[in-house]
Amino acid sequence: MNTNHHTLTYDESFEGFLTCIFYLFERKLERVDVVKKSLFHQNMFSTHLEVLTDRVQAERVCRGLKKRLPKNEYKRLYAAFLSEQTEVERLLVAYIRRLFTSKRSFAGDYADDTVLQLTQLARKVGREAHRMEAFVRFKLTKDGLYYANIEPDFDVLPLVGQHFKDRYADQRWLIYDLKRKYGIYYDLQSLEPVTLTFSNASSQSDVWFDESEQAFQTLWKDYFDSTNIKARKNRRLHLQHVPKRYWRYLSEKGGGM
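Here's what I pulled together on the structure shown here. Sequence positions are assigned chain by chain, starting from 1 and proceeding in written order. Two thresholds apply to this predicted model, a pLDDT of at least 70 for residue-level local features and 80 or more for giving and counting side-chain atom pairs, whereas whole-chain, interface and lining totals are computed over all residues. Side-chain measures were taken over the full set of non-hydrogen atoms in the model, leaving aside hydrogen atoms and water.

## Examining the layout of surface pockets
Every definition here rests on a 1 Å grid over the protein atoms only: cavities are sets of points where a 1.4 Å probe fits but cannot get out, pockets are open sets enclosed by protein on both sides within 12 Å along at least five of seven lines, and lining residues have some atom within 4 Å of a point. Grid points are joined across faces, edges and corners, and a volume is the space filled by probe spheres set on the points. Space inside the largest pocket adds up to approximately 780 Å³. Every residue lining the largest pocket is counted, 25 residues in all, and those nearest its centre are Ser13, Tyr78, Asp155, Pro158 and Tyr182. Looking at the lining of the largest pocket, the elements with two or more residues in it are α1 (14-26), α3 (71-81), α6 (157-167), β7 (182-186) and β8 (191-194). Here a helix means four or more residues in a row that DSSP labels H or I, a strand means two or more in a row labelled E, and each is numbered from the N terminus. Residue contributions to the lining of the largest pocket peak at 3 residues, all from β8.

## Observations regarding the side chain of Thr9
Looking at the element boundaries, Thr9 is found in strand β1 (residues 2-10). Accessible area is worked out with a 1.4 Å probe on protein chains only. A residue is then buried under 20% of its type maximum, exposed over 50%, and partly exposed in between. Given the relative accessible area of 1%, Thr9 is considered buried. Between N or O atoms, a polar contact is any pair within 3.5 Å; within protein, one atom must be a potential hydrogen donor and the other a potential acceptor, and residues adjacent in sequence are included only when both atoms are from side chains. Among the polar contacts made by the side chain of Thr9, one reaches the side chain of His48 at a distance of 2.9 Å. With sequence-adjacent residues up to four places away left out, Thr9 is seen in contact with Cys20, Val35, Lys37, Phe40, His48, Leu49, Glu50 and Val51. In this description, contact between two residues means that some pair of their heavy atoms is separated by no more than 4.5 Å.

## Description of empty space enclosed by the protein
According to the stated counting rule, one finds 1 cavity of 30 Å³ or more in the structure shown. Taken as a whole, the largest cavity encloses approximately 40 Å³ of empty space. Forming the walls of the largest cavity are Glu73, Arg76, Leu77, Ala80, Tyr95, Val115, Leu118 and Thr119. Listed by contribution, the elements that provide at least two residues to the lining of the largest cavity are α3 and α5 (113-135). If one sorts the elements of the lining of the largest cavity by residue count, α3 sits on top with 4 residues.

## Concerning the packing of aromatic side chains
Two aromatic rings from Phe, Tyr or Trp, using only the six-membered ring of Trp, form a pair when their centres are within 6.5 Å; if the ring planes differ by under 30 degrees the pair is stacked, by over 60 it is edge-to-face, and anything between is tilted. By the definition in use, this model includes 13 aromatic pairs. Pairing Phe138 with Tyr168 gives two aromatic rings, centres 5.4 Å apart and planes at 75 degrees, and the pair type is edge-to-face. Residue Phe138 is found in the loop between α5 and β4 (139-140), and its partner Tyr168 is found in the loop between α6 and β6 (173-177); the two are separated by 30 residues along the sequence. You can call Phe138 buried: its relative accessible area is 14%. Each ring, one from Phe138 and one from Trp173, has its centre 6.0 Å from the other, and the planes form 50 degrees; the classification is tilted. One end of the pair, Phe138, is in the loop between α5 and β4; the other, Trp173, is in strand β6, with 35 residues separating them in the sequence. Note on accessibility: Phe138 and Trp173 belong to one class, buried. Every member of this aromatic cluster is reached through a ring pair, and the members are Tyr10, Phe14, Phe17, Tyr78 and Phe81.

Scope: geometric values only; no functional claims are made or implied.
Put into C-alpha coordinates, the structure is as follows:
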(Lines give C-alpha, C1' and ligand atoms only; values in the text may rest on other atoms or scores of the structure.)
Protein backbone atom coordinates (compact mmCIF):
# COMPACT_ATOMS: atom_id res chain seq x y z
CA MET A 1 0.00 0.00 0.00
CA ASN A 2 1.42 3.38 -1.00
CA THR A 3 1.29 5.81 1.95
CA ASN A 4 3.05 8.75 0.24
CA HIS A 5 0.96 11.82 -0.49
CA HIS A 6 -0.13 12.11 -4.12
CA THR A 7 -1.80 14.88 -6.08
CA LEU A 8 -3.72 13.67 -9.12
CA THR A 9 -4.59 16.25 -11.76
CA TYR A 10 -7.23 15.83 -14.45
CA ASP A 11 -8.75 17.67 -17.40
CA GLU A 12 -11.78 19.05 -15.45
CA SER A 13 -14.26 16.65 -17.09
CA PHE A 14 -16.38 14.27 -15.02
CA GLU A 15 -14.88 11.36 -16.95
CA GLY A 16 -11.45 12.68 -16.03
CA PHE A 17 -12.40 12.80 -12.37
CA LEU A 18 -13.79 9.25 -12.46
CA THR A 19 -10.53 8.11 -14.08
CA CYS A 20 -8.71 9.54 -11.07
CA ILE A 21 -11.01 7.52 -8.81
CA PHE A 22 -10.12 4.37 -10.77
CA TYR A 23 -6.43 5.24 -10.54
CA LEU A 24 -6.35 5.77 -6.77
CA PHE A 25 -8.22 2.50 -6.11
CA GLU A 26 -6.13 0.49 -8.57
CA ARG A 27 -2.88 1.70 -7.01
CA LYS A 28 -4.26 1.64 -3.45
CA LEU A 29 -3.34 5.28 -2.84
CA GLU A 30 -4.37 6.44 0.63
CA ARG A 31 -3.30 10.07 0.86
CA VAL A 32 -4.62 11.69 -2.28
CA ASP A 33 -5.75 15.09 -3.52
CA VAL A 34 -7.59 15.32 -6.83
CA VAL A 35 -7.20 18.71 -8.47
CA LYS A 36 -8.21 20.28 -11.77
CA LYS A 37 -5.15 20.61 -13.99
CA SER A 38 -5.69 24.35 -14.43
CA LEU A 39 -5.65 24.91 -10.64
CA PHE A 40 -2.65 22.75 -9.79
CA HIS A 41 0.33 24.23 -7.94
CA GLN A 42 3.39 22.09 -7.31
CA ASN A 43 3.81 20.96 -3.71
CA MET A 44 7.24 19.73 -2.66
CA PHE A 45 5.64 17.36 -0.14
CA SER A 46 3.37 15.65 -2.69
CA THR A 47 4.01 13.48 -5.72
CA HIS A 48 2.23 14.92 -8.75
CA LEU A 49 0.63 12.58 -11.27
CA GLU A 50 -1.32 13.78 -14.30
CA VAL A 51 -4.12 11.30 -14.98
CA LEU A 52 -5.27 11.15 -18.59
CA THR A 53 -8.96 10.60 -19.12
CA ASP A 54 -9.79 6.99 -19.93
CA ARG A 55 -13.42 6.39 -20.88
CA VAL A 56 -13.27 2.66 -20.19
CA GLN A 57 -11.94 3.19 -16.67
CA ALA A 58 -14.39 6.05 -16.05
CA GLU A 59 -17.30 3.87 -17.16
CA ARG A 60 -16.24 1.10 -14.77
CA VAL A 61 -16.33 3.54 -11.87
CA CYS A 62 -19.64 4.94 -13.11
CA ARG A 63 -21.22 1.47 -13.18
CA GLY A 64 -19.90 0.75 -9.70
CA LEU A 65 -21.41 3.96 -8.34
CA LYS A 66 -24.78 3.36 -9.97
CA LYS A 67 -24.83 -0.19 -8.63
CA ARG A 68 -24.34 1.02 -5.06
CA LEU A 69 -26.43 4.19 -5.14
CA PRO A 70 -30.08 5.09 -5.65
CA LYS A 71 -30.61 6.79 -9.01
CA ASN A 72 -31.27 10.21 -7.50
CA GLU A 73 -28.19 10.00 -5.31
CA TYR A 74 -25.93 9.42 -8.32
CA LYS A 75 -27.49 12.46 -9.99
CA ARG A 76 -26.80 14.50 -6.85
CA LEU A 77 -23.13 13.52 -6.90
CA TYR A 78 -22.89 14.59 -10.54
CA ALA A 79 -24.66 17.87 -9.82
CA ALA A 80 -22.30 18.53 -6.91
CA PHE A 81 -19.33 17.95 -9.22
CA LEU A 82 -20.74 20.56 -11.62
CA SER A 83 -20.62 23.15 -8.83
CA GLU A 84 -16.88 23.55 -9.57
CA GLN A 85 -16.27 24.46 -5.94
CA THR A 86 -12.70 24.08 -4.74
CA GLU A 87 -13.58 21.48 -2.10
CA VAL A 88 -15.85 19.32 -4.24
CA GLU A 89 -13.20 16.81 -5.35
CA ARG A 90 -12.12 16.26 -1.74
CA LEU A 91 -15.72 15.68 -0.69
CA LEU A 92 -16.43 13.34 -3.60
CA VAL A 93 -13.25 11.31 -3.05
CA ALA A 94 -14.10 10.86 0.64
CA TYR A 95 -17.69 9.91 -0.21
CA ILE A 96 -16.79 7.44 -2.97
CA ARG A 97 -13.97 5.85 -1.00
CA ARG A 98 -16.38 5.14 1.86
CA LEU A 99 -19.05 3.97 -0.54
CA PHE A 100 -16.80 1.26 -1.96
CA THR A 101 -15.38 0.18 1.39
CA SER A 102 -18.24 0.58 3.87
CA LYS A 103 -20.69 -2.23 4.53
CA ARG A 104 -23.50 0.12 5.53
CA SER A 105 -25.36 2.59 3.36
CA PHE A 106 -24.99 6.24 4.32
CA ALA A 107 -26.63 7.81 1.24
CA GLY A 108 -29.16 10.36 2.41
CA ASP A 109 -27.69 10.50 5.93
CA TYR A 110 -27.66 14.27 6.39
CA ALA A 111 -26.12 13.93 9.84
CA ASP A 112 -22.98 12.95 7.93
CA ASP A 113 -21.05 16.15 7.15
CA THR A 114 -19.77 14.97 3.77
CA VAL A 115 -23.23 13.89 2.65
CA LEU A 116 -24.70 17.18 3.84
CA GLN A 117 -22.13 19.34 2.06
CA LEU A 118 -22.49 17.45 -1.23
CA THR A 119 -26.28 17.66 -0.98
CA GLN A 120 -26.13 21.41 -0.39
CA LEU A 121 -23.87 21.88 -3.42
CA ALA A 122 -26.17 19.74 -5.56
CA ARG A 123 -29.19 21.80 -4.52
CA LYS A 124 -27.46 25.05 -5.48
CA VAL A 125 -26.58 23.63 -8.89
CA GLY A 126 -30.12 22.30 -9.32
CA ARG A 127 -31.63 25.71 -8.58
CA GLU A 128 -29.30 27.35 -11.09
CA ALA A 129 -30.25 24.77 -13.74
CA HIS A 130 -33.96 25.46 -13.20
CA ARG A 131 -33.33 29.19 -13.53
CA MET A 132 -31.53 28.67 -16.81
CA GLU A 133 -34.47 26.62 -18.09
CA ALA A 134 -36.79 29.49 -17.18
CA PHE A 135 -34.73 32.50 -18.23
CA VAL A 136 -32.84 31.48 -21.38
CA ARG A 137 -34.09 33.39 -24.43
CA PHE A 138 -33.12 32.34 -27.93
CA LYS A 139 -32.46 34.70 -30.82
CA LEU A 140 -32.82 33.66 -34.46
CA THR A 141 -29.58 34.00 -36.43
CA LYS A 142 -29.35 34.73 -40.14
CA ASP A 143 -28.65 31.06 -40.93
CA GLY A 144 -31.80 29.85 -39.16
CA LEU A 145 -30.13 28.80 -35.91
CA TYR A 146 -31.64 29.75 -32.55
CA TYR A 147 -28.82 31.00 -30.33
CA ALA A 148 -28.56 31.93 -26.65
CA ASN A 149 -25.72 33.02 -24.37
CA ILE A 150 -25.55 32.09 -20.71
CA GLU A 151 -23.07 32.75 -17.89
CA PRO A 152 -24.39 30.67 -14.97
CA ASP A 153 -22.76 30.48 -11.56
CA PHE A 154 -22.25 26.74 -12.03
CA ASP A 155 -21.62 24.44 -15.00
CA VAL A 156 -25.27 23.58 -15.64
CA LEU A 157 -25.25 23.00 -19.41
CA PRO A 158 -25.04 19.19 -19.00
CA LEU A 159 -28.21 19.36 -16.87
CA VAL A 160 -30.38 21.56 -19.11
CA GLY A 161 -29.71 20.14 -22.56
CA GLN A 162 -32.44 17.50 -22.46
CA HIS A 163 -35.00 20.07 -21.31
CA PHE A 164 -34.40 22.27 -24.33
CA LYS A 165 -34.18 19.28 -26.67
CA ASP A 166 -37.65 18.17 -25.54
CA ARG A 167 -39.07 21.68 -25.69
CA TYR A 168 -37.58 22.73 -29.04
CA ALA A 169 -37.31 19.39 -30.82
CA ASP A 170 -38.14 20.86 -34.26
CA GLN A 171 -35.56 23.68 -34.19
CA ARG A 172 -31.80 23.84 -34.48
CA TRP A 173 -30.39 25.65 -31.49
CA LEU A 174 -27.18 26.42 -29.67
CA ILE A 175 -26.76 27.46 -26.03
CA TYR A 176 -23.30 28.82 -25.31
CA ASP A 177 -21.72 29.28 -21.89
CA LEU A 178 -19.51 32.36 -22.27
CA LYS A 179 -17.91 31.85 -18.87
CA ARG A 180 -16.76 28.29 -19.58
CA LYS A 181 -16.26 28.76 -23.33
CA TYR A 182 -18.30 25.82 -24.56
CA GLY A 183 -21.86 25.15 -25.63
CA ILE A 184 -24.37 22.49 -26.60
CA TYR A 185 -25.74 22.30 -30.12
CA TYR A 186 -28.94 20.50 -31.14
CA ASP A 187 -29.02 19.47 -34.83
CA LEU A 188 -32.61 18.09 -34.80
CA GLN A 189 -31.29 14.66 -33.82
CA SER A 190 -28.76 14.80 -31.00
CA LEU A 191 -26.95 17.10 -28.58
CA GLU A 192 -23.31 17.85 -29.28
CA PRO A 193 -20.72 19.85 -27.30
CA VAL A 194 -19.18 22.74 -29.26
CA THR A 195 -16.57 25.46 -28.80
CA LEU A 196 -16.60 28.76 -30.65
CA THR A 197 -14.04 31.42 -31.46
CA PHE A 198 -15.65 34.84 -31.47
CA SER A 199 -14.31 37.58 -33.71
CA ASN A 200 -13.88 41.17 -32.59
CA ALA A 201 -17.65 41.51 -32.95
CA SER A 202 -19.56 40.75 -29.79
CA SER A 203 -21.43 37.47 -29.46
CA GLN A 204 -24.52 39.65 -29.06
CA SER A 205 -23.85 41.74 -32.17
CA ASP A 206 -26.90 42.47 -34.31
CA VAL A 207 -24.97 41.45 -37.45
CA TRP A 208 -25.49 37.83 -36.38
CA PHE A 209 -29.25 37.97 -36.17
CA ASP A 210 -32.12 37.96 -38.63
CA GLU A 211 -33.89 41.28 -39.17
CA SER A 212 -37.22 39.76 -38.09
CA GLU A 213 -35.59 38.70 -34.81
CA GLN A 214 -34.36 42.21 -34.12
CA ALA A 215 -37.84 43.60 -34.79
CA PHE A 216 -39.40 40.98 -32.51
CA GLN A 217 -37.00 41.79 -29.67
CA THR A 218 -37.93 45.46 -29.88
CA LEU A 219 -41.64 44.67 -30.08
CA TRP A 220 -41.49 42.37 -27.05
CA LYS A 221 -39.62 44.93 -24.95
CA ASP A 222 -42.12 47.66 -25.91
CA TYR A 223 -44.98 45.36 -24.93
CA PHE A 224 -43.36 44.54 -21.59
CA ASP A 225 -42.78 48.24 -20.87
CA SER A 226 -46.40 49.09 -21.71
CA THR A 227 -47.82 46.45 -19.36
CA ASN A 228 -45.36 47.11 -16.54
CA ILE A 229 -47.47 49.53 -14.45
CA LYS A 230 -45.11 51.49 -12.22
CA ALA A 231 -47.76 52.08 -9.53
CA ARG A 232 -48.09 48.33 -9.03
CA LYS A 233 -44.39 47.59 -9.24
CA ASN A 234 -42.98 45.54 -6.35
CA ARG A 235 -39.24 45.59 -6.99
CA ARG A 236 -38.34 43.42 -3.98
CA LEU A 237 -40.76 40.66 -5.00
CA HIS A 238 -39.67 40.94 -8.62
CA LEU A 239 -36.02 40.48 -7.67
CA GLN A 240 -36.91 37.38 -5.63
CA HIS A 241 -38.45 35.73 -8.68
CA VAL A 242 -36.09 37.15 -11.33
CA PRO A 243 -32.67 38.01 -9.81
CA LYS A 244 -30.97 40.92 -11.53
CA ARG A 245 -28.06 38.82 -12.79
CA TYR A 246 -30.50 36.99 -15.10
CA TRP A 247 -31.91 40.14 -16.76
CA ARG A 248 -29.32 40.07 -19.53
CA TYR A 249 -30.95 36.88 -20.85
CA LEU A 250 -34.44 38.36 -21.08
CA SER A 251 -35.77 40.04 -24.20
CA GLU A 252 -38.28 41.98 -22.13
CA LYS A 253 -35.46 43.51 -20.09
CA GLY A 254 -33.42 44.60 -23.05
CA GLY A 255 -30.28 43.83 -21.06
CA GLY A 256 -31.29 45.93 -18.09
CA MET A 257 -34.11 47.70 -16.30
